[in-house]
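Summary of structural features
Here's the letter readout for the chains.
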Amino acid sequence: MKRVVIVITDGMRRDLVVEEYTPFLAAFRRRAEQFVMHRSVFPSATRVASASVATGCYPARHELQGNSLALLERGVLVRYDTGDPDFLQHKRRITGSSLGVPTLTERVKDHGGAITLSNASPGAAYAHDPDGYGFLYNRGGSFGPGRIPVPDADQLRSTPDLAGDRMMTRRFITETLGARRPALAVLWLHEPDHMQHAVPLGSPEHIAALRQADEHAGWVIDAVDRLRETGDDVLLVTGSDHGHQTVVGVVDVEATLIEAGLKDGPTSGDVLAVSNGTAALVYVHPDRSERVPRLREFLVRCDWAGRIVPADELHDLGQAPRHGLAFGVSMRADDGDNKYGVPGSSLAAKPSEGKPDRFGCGQHGGLGRYEQSPFLMIEGTGFEAGGTRFEPTSIVDIAPTVLHHLGLPAAGLDGRSLQHITVPGS
Ligand SMILES: [Zn+2]
C-alpha cells in the first residue's frame, strides 16, 4: 500500500537543522534527499503556508491572502484575523468558497483518505480541510467527514506548546500511523515557531525547543520505519513552512499612512494596512483607487519598507489583487546577527489588535532570507538517499509530490512533483 506521511515542524529554519540542535533530523538528512533552495510563500505566515501545502497552490489561487487580511464585503473593506476557527466558513458564506482550490484531503478522499493533526492555530489547521473531506484534529475543535465533530472523547485537547506537541505526536503514532493508516497522514507541530516568537533565536530556551521539536520528528521517523516493515511503500516528507528573522523594530504602518494623509483615520475603511508579521498587505477601497499612485510614491520613500509590490506585480509573488489588495510590502530586512550570532533581522508591522511583536525575538511574514528558508527533506521512492537538490523549490511542490506518490492526478496545481524521473528498465 502506498502512503504518505508529512511532518512539519513549524517555523524551523533550514540553517538551524544541524547535528548540534536537531540530531534526529540531521540523521534523517543522511538517508533522505534535501532541498537546499526551498522557499515559503508570501506572506511567509503559517495560515497562508498551510493552505499552500494543502493545495499545492500560491495564495493567488487558494485565496487565503494572509494570516490577517481584508475581505470586500457588501462594498466595505473588513479586516480579519484568519486564525479564528470560523474564518474559512465565514469566507465561504461571503465569497462562495472557503479556499479557491481543492485540498489534498479532498483529492485523496476516495483513495485511502487523509488524517491531519495540527497544533497550529485553528485557522491554520482548518486550511488543510475546510470543507470536511477527511479527519482534522485541532485544539479548536476536531472534525470528521462532513465537518461533523468527532466524539467528545476523541477531541484533541492539546496545549499550544511543546507539551501539546508531545501529546499530539504520541497520538499520531499510535492511532493515525499504527491503527487507522490513511493514505495521507499529516502532523503539524506548533514548535519551534511558538517558542521563537517568545525568546531570542539562538537563546538557550530556543535551542531547547529546537531539540524537543526534533525529538518529536524523530519519533515519527522511527514510526514510519516500523510501518515500512509491514510492507507499506511510505513517502516520508519532513519540513517546515517558513523560517524566522529577529525583530529589530516595530512600525505602525497605518499610523504613518494617517499622518501622511493617505488614510482618513484609525477606523476608516478607505485604506487598510494589515500586518502579517514582517510583511503588510495594503488594501485600498475601489472607490478610493485615486489614492494608489500617492500611496506608491509614499511607500517607496519609507525607510521601513523593504520590497514594495504593486497590484500589477502581485502575481510575481503568488498573490492576486483581490478584495482591493493594492500592495504587498515586505518590511526592511538584512542579514545582520542577533546577540546570539543568529543572522537575519527584520522590522515588523504593528498589528492593529493584540500585542506588538517582541523586540529581539523571532517573527516572519516577509521576504527576508531566513524567513524564506524553511527546510525540506523527503525519503522514499523517487528520491535519492543522502542526495542534495539545488534547484529552487517551494512549499507548493509538496502537494503534487504527494499525489505523484499515490498515483493520483495533480493537474492544475502551481507546484510540481519533486520525484526524480525514472526511466523504466534503467
Ligand atoms: Zn508557521
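Let us look at the structure shown here. All values reported here derive from a predicted model rather than from experimental measurement. (Residues numbered from 1 in each chain as written. Predicted model: local features only at pLDDT ≥ 70, side-chain atom pairs only at ≥ 80, totals over all residues. Heavy atoms only, no water.)

**Looking at the coordination of the zinc ion**
The coordination sphere of the zinc ion, as far as protein atoms go, consists of D10 (OD), T46 (OG1), D241 (OD) and H242 (NE2), spread over 1.9 to 2.1 Å. Considering all four donor atoms around the zinc ion, angles at the metal cover 99 to 124 degrees and the coordination shape is tetrahedral. On the accessibility criterion, D10 (1% relative accessible area) is buried. With relative accessibility at 8%, the residue T46 sits in the buried group. (Donors = N, O, S within 2.8 Å, 3.2 Å for Na, K, Ca; no water. Tetrahedral: all angles 85-135°; square planar, octahedral: opposite > 155°, others 65-115°. Buried < 20%, exposed > 50% of the residue type's maximum accessible area, 1.4 Å probe, protein only.)

**Quick look at the sheet that holds strand β19 (residues 362–363)**
Taken in spatial order, the four strands make up an open sheet running β17-β18-β12-β19, and their pairing is mixed. Two strands bound the open sheet, and with one partner strand each, they are β17 (333–337) and β19. Bridging between strand β12 (residues 245–251) and β19 involves two bridges; their strand directions are antiparallel. The partner of Q245 across the bridge, within β19, is Q363. (Pairing = 2+ DSSP bridges. Helix = DSSP H or I, 4+ residues; strand = E, 2+ residues; numbered from the N terminus.)

**Brief notes about the pairing of strand β14 (residues 279–284)**
In terms of burial, β14 is largely enclosed, as six of its six residues are buried. In this sheet, β14 lies alongside strand β13 (residues 271–275) in antiparallel orientation, the contact comprising five bridges. Across the sheet, residue V274 finds its bridge partner in β14, namely L281. Connecting β13 to the next strand, β14, in antiparallel fashion are three residues, including G277 with a positive phi near 70 degrees. When β14 meets strand β16 (residues 325–331), the two strands line up antiparallel, connected through five bridges. Across the sheet, the residue bridging to A279 is S330, located in β16.

**Some points on the packing of helix α7 (residues 162–180) against helix α9 (residues 204–229)**
Two elements in contact, α7 and α9, have axes whose closest approach is 10 Å; the angle formed by their N-to-C orientations is 5 degrees. Classified by the angle between their axes, α7 and α9 sit roughly parallel to one another. Residue-level contacts link L162, D165, R166, T169, R170, F172, I173 and L177 of α7 to A209, Q212, A213, H216, W219, V220, A223, V224, R226 and L227 of α9. For the contact of α7 with α9, the class distribution of residues is 11 nonpolar, three polar and four charged. (Axes fitted to C-alpha atoms, helices over the stretch in contact; angles between N-to-C directions. Parallel < 35°, antiparallel > 145°, perpendicular 65-115°, else oblique. Contact = heavy atoms within 4.5 Å. Nonpolar A, V, L, I, M, F, W, Y, C, P; charged D, E, K, R; others polar.)

**Observations concerning the pattern of salt bridges**
Across all of its chains, the model carries 28 salt bridges by this definition. With its nearest N and O atoms 2.9 Å apart, the salt bridge here joins R31 to D225. Of the two residues, R31 sits in the loop between α1 (23–29) and β2 (33–35) while D225 sits in helix α9, which places them 194 residues apart along the sequence. By relative accessible area, which is 24% here, D225 ends up partly exposed. Between D270 and R288 there is a salt bridge, with the nearest N and O atoms lying 3.9 Å from each other. With D270 in the loop between α10 (253–259) and β13 and R288 in the loop between β14 and α11 (292–301), the pair connects residues that are 18 residues apart, well separated along the chain. By relative accessible area, which is 4% here, D270 ends up buried. Residue class for R288 comes out partly exposed when judged on its relative accessible area of 29%. Overlapping salt bridges, with partners in common, bring together E33, R389, E391, D397 and R416 in one network. (Salt bridge = Lys/Arg side-chain N within 4 Å of Asp/Glu carboxyl O.)

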